[in-house]
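Report on the structure
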Amino acid sequence: MGIEERQMNYSNIVIDHFEKPRNVIEGCDESALSGRAGSKSAGMLVEFCLDVSDGVIEHAGFRAWGCPHTIAVASWLTEEITGKGINEVQSLDLDMIASQLELPAEKWNCVLMAEDALRDATKGTSH
Amino acid sequence: MGIEERQMNYSNIVIDHFEKPRNVIEGCDESALSGRAGSKSAGMLVEFCLDVSDGVIEHAGFRAWGCPHTIAVASWLTEEITGKGINEVQSLDLDMIASQLELPAEKWNCVLMAEDALRDATKGTSH
Amino acid sequence: MKPPVYMDYAATTPVDPRVAETMMRFLTMDGVYANPASSSHVLGRTARGYVEAARNQVAALLGATAREIVWTSGATESNNLAIKGAAHFYADKGRHIITSRTEHKAVLDTCKQLESEGCEVTYLVPVKDGIVDPQQVADAMRDDTVLVSVMHVNNEIGVIQDVAEIGQLCRSRNVLFHCDAAQSAGKVEIDLSRMPVDLMSVSGHKVYGPKGIGALYVCNEPCVHLQPLIHGGGHERGLRSGTLATHQIAGMGEAFRIAGEEIDAEGQRLRALREKLWNGIATVGGVQCNGCLQTRAPGMLNVCFEGVEGESLLFALRQLAVSSGSACTSSTNEGSYVLRALGRPDHLAQSSIRMSLGRFSTDQDVDVAIEVIREQVTRLRTIAVC
Amino acid sequence: MKPPVYMDYAATTPVDPRVAETMMRFLTMDGVYANPASSSHVLGRTARGYVEAARNQVAALLGATAREIVWTSGATESNNLAIKGAAHFYADKGRHIITSRTEHKAVLDTCKQLESEGCEVTYLVPVKDGIVDPQQVADAMRDDTVLVSVMHVNNEIGVIQDVAEIGQLCRSRNVLFHCDAAQSAGKVEIDLSRMPVDLMSVSGHKVYGPKGIGALYVCNEPCVHLQPLIHGGGHERGLRSGTLATHQIAGMGEAFRIAGEEIDAEGQRLRALREKLWNGIATVGGVQCNGCLQTRAPGMLNVCFEGVEGESLLFALRQLAVSSGSACTSSTNEGSYVLRALGRPDHLAQSSIRMSLGRFSTDQDVDVAIEVIREQVTRLRTIAVC
Ligand SMILES: Cc1ncc(COP(=O)(O)O)c(C=O)c1O
Ligand SMILES: Cc1ncc(COP(=O)(O)O)c(C=O)c1O
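Throughout what follows, the structure given in this document is the object of discussion. Sequence positions are assigned chain by chain, starting from 1 and proceeding in written order. By the order in which they are written, chains take letters starting at A while ligands take numbers starting at 1. This being a predicted model, a pLDDT of at least 70 is required before a residue's local features are given, and a value of 80 or more before pairs of side-chain atoms are given or counted; all residues contribute to the totals for chains, interfaces and linings. The basis for every side-chain value is the complete set of non-hydrogen atoms in the structure, without hydrogens or water.

**Points about the overall build of chain A**
- Under the DSSP-based scheme used, a helix requires at least four consecutive residues in state H or I and a strand at least two consecutive residues in state E, with every element numbered from the N terminus. The number of helices and strands found in chain A is 5 helices and 3 strands.
- For chain A, the N- to C-terminal ordering of α and β elements is α-β-β-β-α-α-α-α.
- Radius of gyration here is computed from C-alpha atoms only, and the compact-globule reference equals 2.2 Å multiplied by the residue count raised to the power 0.38. Taken over the C-alpha trace, chain A has a radius of gyration of 15 Å; the compact-globule value for 127 residues is 14 Å, and the two agree within 12%.
- Residues count as neighbours in contact if any of their non-hydrogen atoms are within 4.5 Å of one another. A separation threshold of at least 6 residues defines the contact pool for chain A, and within that pool the share at least 24 residues apart is 61%.
- With an accessible surface of roughly 6,100 Å², chain A has 44% of that area assigned to carbon and sulfur atoms.
- A distance of 6 Å separates the average location of the 10 positive side-chain charges in chain A from that of its 21 negative side-chain charges. Working definition of accessibility: Shrake-Rupley area with a 1.4 Å probe, residue cover restricted to the visible protein chains. Charge counting treats Lys and Arg as positive and Asp and Glu as negative, with His and both chain ends excluded. Positions of charges follow a simple convention, taking NZ of Lys, CZ of Arg, CG of Asp or CD of Glu.

Here you go:
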């Protein structure tokens with residue numbers, strides 16, 4: 001009897017970003033915008049680092065401690081927001097992100113946490 | 001895996017007498033001594049019929065309703081007592097009978113019942 | 001010594017070869033051996049999938065939904081879980097239980113235990129043929145009645161109770177109804193989507209599945225609650241903890257699937273075999289059939305022979321593997337309590353034998369049985385004094 | 001996808017091929033399929049013989065006598081039977097129970113149930129390495145203490161409790177002692193002829209036997225009484241009713257026989273494999289072993305990795321079938337209650353994995369595990385923010 005992969009909670013896109021996370025950073029330059037949200041006791045911790053020029057994100061990087069979805073959401077967002085204006089980032093469509101990554105309902109808080117971290121990074125900027 | 005006959009409560013001698021009971025009678029002549037003991041509600045019923053001449057049992061027959069041990073004990077006794085004097089019958093060695101027939105302890109009452117039936121058959125005779 | 005002809009399918013059945021093959025695939029290193037509770041790896045999740053597939057198979061035969069099926073170690077446990085579980089959970093509602101004198105010991109002994117805990121139990125005496133009249137149940141009901149437990153097919157005499165009628169009655173009085181269907185599942189049609197039953201016990205090994213696995217149907221609509229019997233880990237939605245025995249469950253699932261597929265054809269075949277057996281035996285004279293001949297499970301026949309004693313009969317018939325009374329009680333020597341409840345005098349109850357035919361019974365088996373019985377009953381009667 | 005390397009022998013074991021072969025001989029029409037309770041025919045009596053032979057095999061491994069072994073559906077049921085059975089039977093003597101926080105859920109949930117019935121339970125917190133100090137037990141004892149339940153080998157961290165010492169203490173205070181030995185039987189030496197234990201739970205499927213079968217040792221001298229959990233028919237001297245599952249019992253018997261034969265050599269082999277695994281993993285840094293490294297069952301290792309999150313770790317290691325916490329609780333997402341009881345902070349408890357090696361584990365399995373763990377833990381740490 002073959003071993004079949006049964007109902008895993010991980011979509012292909014989550015697995016892809018978990019296995020090959022994009023734009024992982026080691027630290028954040030003084031000149032960049034950085035923000036974080038969450039804590040280990042909350043089960044996840046996300047940090048973004050944005051190189052911004054003229055209100056446009058030229059490069060986005062992240063680090064994250066959390067479940068595969070947390071890592072995948074943060075990784076996916078770094079690609080998504082590069083080239084976007086900061087004000088666009090402040091009004092992300094969370095539902096869209098969750099459905100793009102095929103998150104199970106109980107994992108939507110990963111998106112919220114990532115959003116909080118982005119807000120934290122951009123909080124000093126005008127809008 | 002072979003089917004093995006496991007610990008049966010029936011000795012070979014009991015099986016032999018149960019399968020081929022000796023001296024089964026249909027009824028009892030007026031001239032013979034007849035006696036019975038037990039009842040269906042007691043679980044066994046034994047009847048003996050003895051042809052006696054000069055105090056000696058010339059022929060013994062039985063009928064019995066009961067477990068295989070009851071039938072075997074009665075059958076075995078008809079052989080055992082043939083040729084014996086009536087007074088010998090009145091002092092049978094019950095332990096000996098039980099051990100000859102390899103009766104399990106809980107079946108000794110079969111011997112007692114048979115003895116009662118024999119006593120009943122010979123009760124009118126002097127001793 | 002040649003093995004006897006097996007006529008004790010009501011005590012247990014051999015496992016169907018298809019079931020045995022299924023079971024084998026869940027045992028060793030090259031099979032699905034992981035713990036279905038091990039959700040942390042794919043091997044565990046795979047095992048879990050098979051458990052759920054089997055749950056569907058069992059539900060399908062009963063006309064239930066998968067989530068209404070709780071795995072247990074057999075119908076004995078199912079009966080205990082159903083009766084104690086309901087009595088304990090609904091203790092505030094009342095402490096009165098109604099059952100019948102001809103239930104299986106797993107029901108009767110459970111009720112006895114509850115009596116020792118302060119419950120009151122009414123034991124109905126079935127009418128002559130072994131059938132409980134629904135009116136008897138109605139008459140016994142009180143304001144504090146919480147549960148009625150009446151079996152479907154009786155394990156000794158094979159008669160079929162009017163479960164639909166009794167269920168209807170219970171529902172209309174808002175009383176829970178448990179039915180022990182260990183002897184009927186896969187043999188007599190059951191459709192819980194139309195029968196108002198709250199709790200139903202079934203077993204694997206009466207249907208060519210493995211021993212040591214069973215299930216309890218727990219109705220979801222209306223929703224029935226139970227206090228669990230076995231705690232720890234919260235398996236089976238908290239109703240029955242313990243590692244799920246994947247090979248046992250898959251085996252029972254396959255067995256129930258096969259039974260459902262073959263129920264009609266097999267029922268017809270067994271009814272014919274039983275008719276032939278009964279007609280053949282009856283010619284010896286002084287034979288009575290215990291329980292109603294019409295309303296009975298296909299392969300079951302229970303007869304008593306006048307003028308012969310029970311133990312001698314059984315030994316004389318040792319070429320046939322038959323049972324005197326229920327398998328569960330035949331290790332004691334007393335006459336069957338079921339037959340005594342039907343009013344048979346002790347010596348007749350005690351000279352009864354249950355012959356139960358099943359999937360591997362042949363026409364030739366029946367021929368042998370008729371011949372042996374005629375010969376031996378006649379022989380024993382010759383020896384017997386009245 | 002290639003099946004992962006199985007390192008979850010503490011959750012369950014595959015059945016040994018010799019056991020599977022034994023089991024097969026009790027299933028189908030050409031095997032010993034009859035009901036062991038069917039004493040009315042030779043097929044049933046034969047089945048009974050094998051049940052008793054298996055009872056001897058289980059008793060032999062434990063240093064017990066056959067009549068002290070009661071068959072159950074697994075260690076979960078054994079634990080329930082032992083603890084509830086004793087608490088109910090000896091309720092007049094007292095209502096206080098002592099156990100530990102790191103017991104299996106089958107013990108803890110059973111105790112919780114008894115609390116809801118009015119018992120009082122003291123939950124000892126083991127000292128740092130997961131060991132219960134017998135002095136803790138002594139200090140917790142009261143005049144109304146009826147039962148102490150402390151496991152032998154812990155199912156999550158593998159540490160071995162000082163059962164002999166605790167047993168001695170209980171006996172001297174005239175308190176019953178139950179020990180859950182599901183994880184130790186066949187792996188760590190047990191000799192009940194010398195250890196003062198009143199009740200001991202064991203399971204088939206932790207020892208290369210089938211799932212769904214277990215046993216409870218009930219000490220005969222001094223004689224321990226229990227109120228049964230499952231009523232009906234009076235099997236197992238009234239302590240556990242229900243049709244005996246011959247194939248399961250014979251399988252467990254054979255499994256225990258093999259385990260006894262190989263316990264020393266296999267223990268040595270597994271200890272060496274585990275040492276190698278631990279040494280290999282430790283080189284990645286930031287690794288802690290949960291529970292005492294010295295006093296532990298041969299194949300068990302539980303480690304936590306600093307700086308990585310539990311779910312990601314488990315998924316990154318999906319090439320290995322390992323467990324986070326006990327199999328029974330890993331379907332919930334909370335950190336292991338056992339590790340929390342040992343004082344591990346939540347995020348560390350949660351990044352723990354249990355690797356349990358067994359009979360079919362190879363040197364190569366360990367090599368794969370070391371490589372995968374080093375690679376993935378390093379990778380996850382690169383992504384992680386602190
Ligand atoms: C009517 C009935 N109920 C319950 C049982 C017990 O089932 P199990 O053997 O699965 O425990 C049986 C059979 O023994 C039975 O015939
Ligand atoms: C220590 C311990 N006790 C009890 C059990 C439950 O045993 P079973 O799976 O046989 O019900 C297990 C395993 O699940 C265990 O590890």
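**So, the pattern of salt bridges**
Residues and elements named next belong to chain B.
- Any carboxyl oxygen of Asp or Glu within 4 Å of a side-chain nitrogen of Lys or Arg constitutes a salt bridge here. Counted by the stated rule, this structure contains 60 salt bridges over all chains.
- Here Arg36 and Glu47 are joined by a salt bridge, their closest N and O atoms 3.2 Å apart. Of the two residues, Arg36 sits in strand E1 (residues 33–39) while Glu47 sits in strand E2 (residues 44–53), which places them 11 residues apart along the sequence.
- Residue Arg36 is classed as partly exposed on the basis of its relative accessible area, which comes to 37%.
- A residue is classified by how much of its surface remains accessible, and Glu47, at 9% relative accessible area, is buried. Relative accessibility decides the category of a residue: with a 1.4 Å probe and only protein chains considered, values under 20% of the type maximum give buried, values over 50% give exposed, and everything between is partly exposed.

**What to know about the site of ligand 1**
- Near is defined per residue: the residue qualifies when any heavy atom it owns lies within 4 Å of the molecule or strand. Surveying the vicinity of ligand 1 reveals 16 residues, the closest of which are Thr76, Asp180, Ser203 and Lys206 of chain C together with Thr243 of chain D.
- The local environment of ligand 1 is shared, drawing residues from chains C and D.
- Think of a polar contact as two N or O atoms within 3.5 Å of one another; within protein, one of them needs to be a possible hydrogen donor and the other a possible acceptor, and neighboring residues in sequence only count if both atoms come from side chains. Here Ala75 of chain C contributes a backbone N or O atom positioned 2.9 Å from an oxygen atom of ligand 1.
- Separating an oxygen atom of ligand 1 from a side-chain N or O atom of Gln183 of chain C is a distance of 2.8 Å.
- Among the elements that take part in the shell around ligand 1, helix H3 (residues 75–89) of chain C stands out by supplying 3 residues, more than any other.

**Re the packing of aromatic side chains**
- Working definition: rings of Phe, Tyr and Trp (its six-membered ring) pair if their centres are within 6.5 Å, and the pair is stacked with planes under 30 degrees apart, edge-to-face with planes over 60 apart, and tilted otherwise. Following the criterion strictly, the structure yields 16 aromatic pairs over all chains and no others.
- For the pair Tyr10 of chain A and Phe315 of chain D, a centre-to-centre distance of 4.0 Å together with 35 degrees between the ring planes defines the contact as tilted. Here Phe315 of chain D lies in helix H8 (residues 310–316) and Tyr10 of chain A lies in the segment before helix H1 (12–19), a pairing that spans two chains. Accessibility assignment for this pair places Tyr10 of chain A and Phe315 of chain D in one class, buried.
- Measuring from centroid to centroid gives 6.1 Å for Tyr9 of chain D and Tyr208 of chain D, while their planes differ by 50 degrees, and the two rings are tilted. Here the residue Tyr9 of chain D occupies a position in the loop between strand E1 (5–6) and helix H1 (17–24), and Tyr208 of chain D occupies one in the loop between strand E7 (199–203) and strand E8 (214–218), the gap between them amounting to 199 residues.
- On the basis of relative accessibility, which here comes to 3%, the residue Tyr9 of chain D falls in the buried class.
- Linked through ring pairs, Tyr6, Tyr9, Tyr208 and Phe360 of chain C together with Tyr33 of chain D together constitute an aromatic cluster.
- Residue placement shows Lys105 of chain D over the ring face of Tyr337 of chain D; its charged tip is 4.6 Å from the ring centre. Here, a charge over a ring means that NZ of Lys or CZ of Arg falls within 6 Å of the ring centre while also lying within 35 degrees of the ring normal.

**Remarks on the interface of chain C and chain D**
- Taken together, the contacts link 69 residues of chain C with 70 residues of chain D.
- Note on terms: buried area is the combined drop in 1.4 Å-probe accessible area of two parts once they are placed together, counting the loss on both. Summed over both partners, the interface of chain C with chain D comes to about 5,000 Å²; 63% of that surface belongs to carbon and sulfur atoms.
- There are 0 salt bridges connecting chain C and chain D.
- At the level of elements, helix H1 (17–24), helix H2 (42–62), H3, helix H4 (105–116) and helix H7 (246–282) of chain C are the ones that each hand at least two residues to the side of chain C that touches chain D.
- Counting residues per element, the side of chain C that touches chain D draws most heavily on H4 of chain C, at 5 residues.

**Concerning helix H5 (residues 109–122) of chain A**
Residues and elements named next belong to chain A.
- One less than the number of residues in a helix, times 1.5 Å, gives the span that helix is expected to have. Spanning 14 residues, H5 covers 20 Å between terminal C-alpha atoms, matching the ideal 20 Å at 1.5 Å per step.
- Those residues of H5 not exposed but buried are Cys110, Val111, Met113, Ala114, Glu115, Ala117, Leu118, Ala121 and Thr122.
- Against strand E1 (33–39), strand E2 (44–53), helix H2 (68–81), helix H3 (86–89) and helix H4 (94–100) lie the buried residues of H5.

**Points about the pairing of strand E2 (residues 69–72) of chain C**
All names here are of chain C.
- Of the two faces of E2, the one carrying Ile69 and Trp71 and the one carrying Val70 and Thr72 are both buried.
- Bridge count between E2 and strand E8 (residues 214–218): 4 bridges; the pairing is antiparallel. Pairing of Val70 across the sheet is with Leu216, part of E8. Paired strands, as defined in this entry, are two strands with at least two bridges between them according to DSSP.

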